[in-house]
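# Observations on the three-dimensional arrangement
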Amino acid sequence: MKKFVAIVDPELATGFRLAGIETIEVSTKEKAWEKLRQVFHSSEEEWGLVAINEDFLVDTPDDLEKEMRIRPVPIVIPIPVLKEGKVRGGEEYIAGLVKECIGYYVKLR
């Protein structure tokens, strides 16, 4: 059975740990990229799902971004982080992901 890991900042780490999810705590996107590479190249290939702070994926190096797109497993899920009191709704977030994947905006009903 594949496992779930979260690569998150210290503010989110406690919540993931309380939920029983293996957590890798990092404070910079460069450290997050390093840990994500380690997860991808794990000799056991035990990881099935990786949750990572959305902000850590900004300006991702080309080689890592390519690897995330071509690998079927682990699936990388960006976790939106609250910024300055603004919370994006679930529908808005999903619509953004769909637009990124297929290149078109799809209205959800």
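Residues numbered from 1 in each chain as written. Predicted model: local features only at pLDDT ≥ 70, side-chain atom pairs only at ≥ 80, totals over all residues. Heavy atoms only, no water.

### Some points on the overall build of the protein
Counting its regular elements, the protein contains four helices and four strands. Across the protein, every contact between residues at least 6 apart in sequence was considered, and the portion connecting residues at least 24 apart equals 62%. As presented, the protein carries roughly 7,600 Å² of accessible surface, and 55% of it is formed by carbon and sulfur atoms. (Helix = DSSP H or I, 4+ residues; strand = E, 2+ residues; numbered from the N terminus. Contact = heavy atoms within 4.5 Å. Areas by Shrake-Rupley, 256 points an atom, 1.4 Å probe, with all protein chains shown as cover.)

### Some words on the confidence of the model for the protein
This prediction gives the protein a mean pLDDT of 82; 81% of its residues lie at or above 70. Here helix α4 (residues 90–102) stands out as the element of the protein with the lowest mean pLDDT, 69, in contrast to strand β2 (residues 22–25), whose mean of 94 is the highest. (pLDDT = per-residue confidence, 0-100.)

### Examining the pattern of salt bridges
Pairing of side chains with opposite charge becomes possible as their charged atoms draw close. With the rule as written, the count across this model stands at seven salt bridges. Across the pair R17 and E25 runs a salt bridge, and its minimum N-O distance is 3.1 Å. For E65, the salt bridge is made with R69, and the minimal N-O distance between the two is 3.5 Å. Taken together, the residues span about one helical turn, with E65 and R69 both in helix α3 (residues 62–70) at a distance of four residues. When its relative accessible area of 58% is taken as the criterion, R69 is described as exposed. (Salt bridge = Lys/Arg side-chain N within 4 Å of Asp/Glu carboxyl O. Buried < 20%, exposed > 50% of the residue type's maximum accessible area, 1.4 Å probe, protein only.)

### A word on the pairing of strand β1 (residues 3–8)
Of the pairings in the sheet, the one linking β1 to strand β3 (residues 47–53) comprises five bridges and is parallel in character. From the neighbouring strand, V5 faces β3, where its bridge partner is V50. Sheet analysis places β1 next to β2, joined by four bridges and oriented parallel. When the sheet's bridge partners are listed, I7 is paired in β2 with I24. Crossover handedness for the path β1 to helix α1 (residues 10–18) to β2: right-handed. (Pairing = 2+ DSSP bridges. Right-handed = clockwise from strand over helix to strand, strands pointing away.)

### Quick word on the nonpolar core
I7, L36, V50, I52 and V76 are the most contacted members of the largest nonpolar core, which has 15 residues in total. Residue assignment for this core shows that the elements contributing at least two residues are β1, α2 (29–40), β3 and α3. The leading source of residues in this core is α2, at five residues. The contact partners of V50, leaving out residues within four places of it in the chain, are V5, I7, L36, V39, P74, I75, V76 and I77. By size, the runner-up hydrophobic cluster in this structure holds six residues, among which are V8, A13, F16 and A51. (Core = buried A, V, L, I, M, F, W, Y, C linked by side-chain atoms within 4.5 Å.)

### Some words on the sheet that holds β3
Here four strands make up an open sheet; going across it, the order is β2-β1-β3-β4 and the pairing parallel. Lying at the two open borders of the sheet, with one neighbouring strand each, are β2 and β4 (75–79). Strand-to-strand twist in this sheet, taken as the mean axis angle between neighbours without regard to direction, amounts to 20 degrees. (Axes fitted to C-alpha atoms, helices over the stretch in contact; angles between N-to-C directions.)

### Concerning the pairing of β4
Successive side chains on a regular strand alternate, one facing one side of the sheet and the next facing the other. Residue alternation in β4 divides its side chains into a buried set, V76 and P78, and an unburied set, I75, I77 and I79. When β3 meets β4, the two strands line up parallel, connected through five bridges. When the bridges of β4 are listed, I52 appears paired with P78. Handedness of the β3-α3-β4 crossover: right-handed.

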